[in-house]
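Coordinate inspection notes
One letter stands for each residue in the lines below.
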Amino acid sequence: MVRGKENWKEKARRLFRYYYNKAVREKGTPEYVARGWAIGMFIGFAMPFGLQLVVSVPLAFLMKGSKLGAVVGTMTTNHFTIWVIYPFQCWLGSHLIGNPLSFADISSKMEQVIENQDYETLFGLGKDIIAAFFIGGFLLAFVSTPIGYFVVKNMVIQYRLNKEKRRLKKLEKLNALDSGDLNTK
């Protein structure tokens, strides 16, 4: 199939495979790889665009986590997902601080930020929406980070175990051929 003619499911599957392969093939222990991804995910939820990489990469150095994972982990909030995640985290945060905002209010304020694309507009939105953004973001980060850590760690472990099994099976076949025993699979 020509790549330009892919439907959204095929694109999503290809994108998932790409990031899956990045995670499982990275050098280092499974804990190292997962730690970096967890750092990136945490910062991806807790910080707005523009600050994520500035914070996640040095944090990965300090916490001895994968720098690549810290960068890619921030992509939990990307140009496509922020339209769902940012309003939800603002809504959640606004309810937690006791000043509930509607999705319509949040959407109109996000449109202002997108229209102007600067931090002056972002911080001019008011203390309530900014506080709601960070409180909701930190809550999502605290909930999703441990899940992301264990998912990535287990994916790396499983991939490496399967890779080792394939290597041993291939070695077994070669040894069988060398010994002349062709009945072994």
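Above this text sits the structure in question.
About the cut-offs
- Residues numbered from 1 in each chain as written.
- Predicted model: local features only at pLDDT ≥ 70, side-chain atom pairs only at ≥ 80, totals over all residues.
- Heavy atoms only, no water.
- Helix = DSSP H or I, 4+ residues; strand = E, 2+ residues; numbered from the N terminus.
- Contact = heavy atoms within 4.5 Å.
- Patch = residues over 30% accessible without salt bridge, like charges linked within 9 Å, V, L, I, M, F, W, Y side chains within 5 Å.
- Areas by Shrake-Rupley, 256 points an atom, 1.4 Å probe, with all protein chains shown as cover.
- Salt bridge = Lys/Arg side-chain N within 4 Å of Asp/Glu carboxyl O.
- Lys, Arg positive; Asp, Glu negative; His and termini not counted.
- Charge placed at Lys NZ, Arg CZ, Asp CG, Glu CD.
- Buried < 20%, exposed > 50% of the residue type's maximum accessible area, 1.4 Å probe, protein only.
- Phe/Tyr/Trp six-rings, centres within 6.5 Å; stacked < 30°, edge-to-face > 60°.

Helix and strand counts for the chain stand at eight helices and zero strands. In sequence order, the secondary structure elements of the chain are arranged as α-α-α-α-α-α-α-α. Each principal axis of the C-alpha distribution contributes one length, and for the chain these read about 80 × 45 × 25 Å. Long-range pairs, those at least 24 residues apart, make up 69% of the contacts in the chain with a sequence separation of at least 6.

Right, let's talk about a positive patch on the surface for a bit. A surface patch of like charges, here positive, comprises Arg13, Arg17, Arg25, Lys27, Lys163 and Arg166. Contributing elements (two or more residues each) for the positive patch: helix 1 (8-25) and helix 8 (127-179). With three residues, helix 1 is the single largest residue contributor to the positive patch. Residue placement: lysine 163 occurs in helix 8. For lysine 163, a relative accessible area of 48% corresponds to the partly exposed category.

With that out of the way, let us pick up the side chain of serine 144. For serine 144, the location among the structural elements is in helix 8. Given a relative accessible area of 15%, serine 144 falls into the buried group.

The description of an aromatic ring pair uses the distance of the two centres, along with the angle that the planes make with each other. All chains considered together, the criterion is met by 11 aromatic pairs. Between tyrosine 18 and tyrosine 19, the ring centres sit 5.1 Å apart and the planes meet at 75°, which makes this aromatic pair edge-to-face. Consider the rings of tryptophan 91 and phenylalanine 103, whose centres lie 5.7 Å apart with planes at 10°: the pair is stacked. Placement of the pair is tryptophan 91 in helix 5 (residues 82-96) and phenylalanine 103 in helix 6 (residues 103-116), with a sequence separation of 12 residues. A relative accessible area of 28% places tryptophan 91 in the partly exposed class. The exposure class assigned to phenylalanine 103 is partly exposed, which follows from its relative accessible area of 42%.

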